[in-house]
Amino acid sequence: MCNLITDYGQAVTEGRARSDSPLNDPSGDRLAWISGQARTSHAVIPVDWRFPLGGRLDYISAGRQNRNYSAAFSHFDWNTFYDEMFGGEYLDELRREFRRDYDYVLIDSRTGLSDVADICTIHLPDVLVDCFTLNDQSIDGAVAVARRVQDIHSDRGMRVLPVPMRVEDAELDRLAAARDQIRLQFDRIIASHNGRNPKQYWSEVEVPYTPFYAYEETLATFRDVAGSPASLLARTASE
């Protein structure tokens, strides 16, 4: 995603250097040019996985992981991107392409509130899955993101789904206190965004802690045996 944006910024700079560019011609089809830049086929990596009922899974990495990655993105001028490079229009076209080519698109966002996180949590999604663990810092951060969407960007019409992750039931008193805290913080958001009964909602969304996945960058959907009652998938589905 990083390189899609930085490559687009470079293309705008180069395009403006040409006198015949639609970026310089008020009568030119600027949107068509931006739409062309939003083609992501060059960045897509097909995942080698056979699905029982067909389908495919594609992957777009965060960016080229080399010594220039962090420097290039940390110095990227987001005000210029939006104000002078038609960045909002570019992200809108990117979103349209994703919706056209895929049934579902999952975007992994960095945590916290920032220009980069806003693209992934506000500009692009229809549904924001707000994941957190049951400690004060994580809960407070998740609440801040959800309230930002609700209070500042309510015009987006986005659904917000807070999801407690790695829920451990070894300390039942502390678990009960944490559950009370998240319900106090999130119940109003759940009711307004999803029209759901908060009690029923919380009983369905908790993701339990499974030690194996604390040590692996492996998705349960790829490792767990389908239909196994002891799998993380089965435990999640039964919540």
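For the structure itself, look to the data block above.
Caption draft 1: Inspection of helix α7 (residues 136–152) at higher detail. A rise of 1.5 Å per residue sets the reference length of α7, with its 17 residues, at 24 Å; its end C-alpha atoms lie 23 Å apart and thus fit the reference within 8%. Of the residues making up α7, those classed as buried are Ile-139, Ala-142, Val-143, Val-145, Ala-146, Val-149 and Gln-150. In a view along the axis of α7, the buried residues occupy a sector of 160°, so they form one face of it. Summarising the geometry of α7, the exposed residues directed more than 90 degrees from the buried face are Asp-136, Gln-137, Asp-151 and Ile-152. The N-capping residue of α7, defined by a side-chain oxygen 3.3 Å from the backbone nitrogen of Gln-137, is Asn-135.

Caption draft 2: The arrangement of the side chain of Glu-93 in detail. By the element assignment, Glu-93 lies in helix α5 (residues 87–101). The buried category is assigned to Glu-93, whose relative accessible area is 10%. Setting aside residues no more than four positions away along its own chain, Glu-93 makes contact with Leu-31, Ile-34, Ser-35 and Ala-38.

Caption draft 3: Focus on the pattern of salt bridges. Inspection of every chain in the model, using the stated rule, returns seven salt bridges. Between Asp-58 and Arg-56 there is a salt bridge whose closest N-O contact spans 2.9 Å. Residue Arg-56 is classed as exposed on the basis of its relative accessible area, which comes to 57%. Two residues, Asp-101 and Arg-100, come together in a salt bridge whose shortest N-O distance is 3.5 Å. Among the residues examined, Asp-101 registers a relative accessible area of 38% and is labelled partly exposed.

Caption draft 4: Molecular detail of the nonpolar core. In this structure, Phe-132, Val-149, Ile-182, Phe-186, Tyr-201 and Trp-202 are the most contacted members of the largest nonpolar core, which totals 21 residues. For this core, the elements supplying multiple residues, two or more each, are β3 (127–132), α7, β4 (159–164), α8 (172–194) and α9 (198–205). Looking at this core, the element that brings in the most residues is α7, giving six residues. Contact partners of Phe-186, with chain neighbours within four places excluded, come to Asp-130, Phe-132, Ala-142, Val-143, Ala-146, Pro-162 and Trp-202. Of all hydrophobic cores here, the second largest spans 20 residues; its members include Leu-4, Ile-5, Phe-86 and Leu-124.

So, how was this worked out
Residues numbered from 1 in each chain as written. Predicted model: local features only at pLDDT ≥ 70, side-chain atom pairs only at ≥ 80, totals over all residues. Heavy atoms only, no water. Helix = DSSP H or I, 4+ residues; strand = E, 2+ residues; numbered from the N terminus. Expected span 1.5 Å × (residues − 1). Buried < 20%, exposed > 50% of the residue type's maximum accessible area, 1.4 Å probe, protein only. Arc of directions from axis to C-beta. Polar contact = N/O pair within 3.5 Å; in protein donor to acceptor, adjacent residues only side chain to side chain. Contact = heavy atoms within 4.5 Å. Salt bridge = Lys/Arg side-chain N within 4 Å of Asp/Glu carboxyl O. Core = buried A, V, L, I, M, F, W, Y, C linked by side-chain atoms within 4.5 Å.

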